[in-house]
Every structure is written in structure tokens, then in C-alpha cells.
Amino acid sequence: MKTTAAPPGFLSPKEFEAVADQFFGHLEVNVRGWERAVDAQARIVRAVTACLSDSGEGDVLFVGHGGVGPLLFCALSNLPIDRKFDQGPGGVGNWFQFEVDQMTPSCGWRVMEDSAGI
């Protein structure tokens, strides 16, 4: 019987949750050799700031995955990095909004499907 190994980088849901807990719980540690949470947050904030400085007028949409949103949300909210500020449950589309002139979230995490008419 042939077995198929998980693709490189794939984590089972249980293992993913454990690694995410480590990432958000040990901010200055390279969990699994990956980028430290504090470094990732600084990189994300620099990228968002650079993008906004070149965006001109109008709305801008940033799309990311994993820890990107929570790290940005914490930075913009002036909150410590903590998994309690992670996006909502379910692993589906979640979003938050911030005003460029204030660089502060105007709402917490919301589920995409519940956002009709906003």
C-alpha cells in the first residue's frame, strides 16, 4: 500500500493551531525556523505604509493570509501581538477596515459573508 506524504509546508489543522500558538506566544523566536513575529509585523507595516504612500486617492484593498492580518491589526491598534486579536473562526474570509489618515482600525474583524451592504 502506497502512502502519500503531506506536501512540504502543509500542516494538519491540529498541528497548524499548535504552531500558530507558538508563533503568537513567542514573538522573538523563529518558530520552526520561520520569521519571528516581531520581524514579520515590522515588514508588513513597512509594506503597507509604502503601498499607501504610492496609492493616490481612493480606496485600497490589502489581501493576505495567515498571521498577516492579525499582525497588521495589532500594529494599527497599538496593541501587543497576541493571538486573541487573530481573525475570526472558520478559516474563511475575514476583514477589518482602517482609515488611511488615522492608521487606526475603524472596526474589528468581520466575516466577509456578513458584510453585504457595507
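As shown above, the structure is provided for reference.
Let us look at the structure shown here. Here the residue index of a chain counts from 1 through its sequence in written order. Side-chain atom pairs in this predicted model are given and counted only at pLDDT of 80 or more, local residue features only at pLDDT of at least 70, and totals for whole chains, interfaces and linings cover all residues. Side-chain measures were taken over the full set of non-hydrogen atoms in the model, leaving aside hydrogen atoms and water.

1. Considering the overall build of the protein chain
Here is the rule: A run of DSSP states H or I qualifies as a helix once it reaches four residues; a run of E qualifies as a strand once it reaches two. Both are numbered from the N-terminal end. Buried residues are those whose accessible area, probed at 1.4 Å on protein chains only, stays under 20% of the maximum for their type, while exposed residues exceed 50% and partly exposed ones sit between those limits. We call two residues contacting when some pair of their heavy atoms lies within 4.5 Å.
Along the protein chain, the regular secondary structure elements total three helices and four strands. Looking at the 118 residues of the protein chain, the share that counts as buried comes to 24%. Counted over contacts in the protein chain with a minimum sequence separation of 6, partners at least 24 positions apart contribute 38%.

2. As for the packing of aromatic side chains
Each aromatic ring pair is specified by the distance between its two centres and by the angle formed by the two planes. Note the threshold: Here is the rule: rings of Phe, Tyr and Trp (six-membered ring for Trp) pair when centre to centre is within 6.5 Å. Planes less than 30 degrees apart are stacked, more than 60 are edge-to-face, and the remainder are tilted.
Inspection of the entire model under this criterion finds five aromatic pairs. On the basis of an interplanar angle of 80 degrees and a centroid distance of 5.0 Å, the ring pair of Phe 73 and Phe 96 is categorised as edge-to-face. You can see Phe 73 sitting in helix α3 (residues 68-77) and its partner Phe 96 sitting in the loop between β1 (94-95) and β2 (98-99), a full 23 residues away along the chain. We classify Phe 73 as buried; its relative accessible area is 10%. Phe 96 sits in the buried class, given a relative accessible area of 15%. What links up through ring pairs into an aromatic cluster is the set Phe 73, Phe 96, Phe 98 and Trp 109.

3. Examining the pattern of salt bridges
Condition: Salt bridges are counted wherever a side-chain nitrogen of Lys or Arg sits within 4 Å of a carboxyl oxygen of Asp or Glu.
For the structure shown, the criterion picks out seven salt bridges. A salt bridge links Arg 83 to Asp 21; the nearest nitrogen and oxygen atoms lie 2.6 Å apart. Placement of Arg 83 in the loop between α3 and β1 and of Asp 21 in helix α1 (residues 13-25) is noted, with a sequence separation of 62 residues between them. When the shortest N-O distance is used, the salt bridge between Glu 28 and Arg 36 registers 3.8 Å. Look at Glu 28 and you get exposed, because its relative accessible area is 57%. Each of Glu 17, Asp 21, Arg 83 and Asp 86 takes part in a single network of salt bridges with overlapping partners.

4. A few points about the environment of Val 29
Examined against the element boundaries, Val 29 turns out to sit in the loop between α1 and α2 (37-53). When its relative accessible area of 42% is taken as the criterion, Val 29 is described as partly exposed. Remark: the alpha-carbon pair of Val 29 and Asp 39, spanning 10 residues in sequence, is separated by 10.0 Å.

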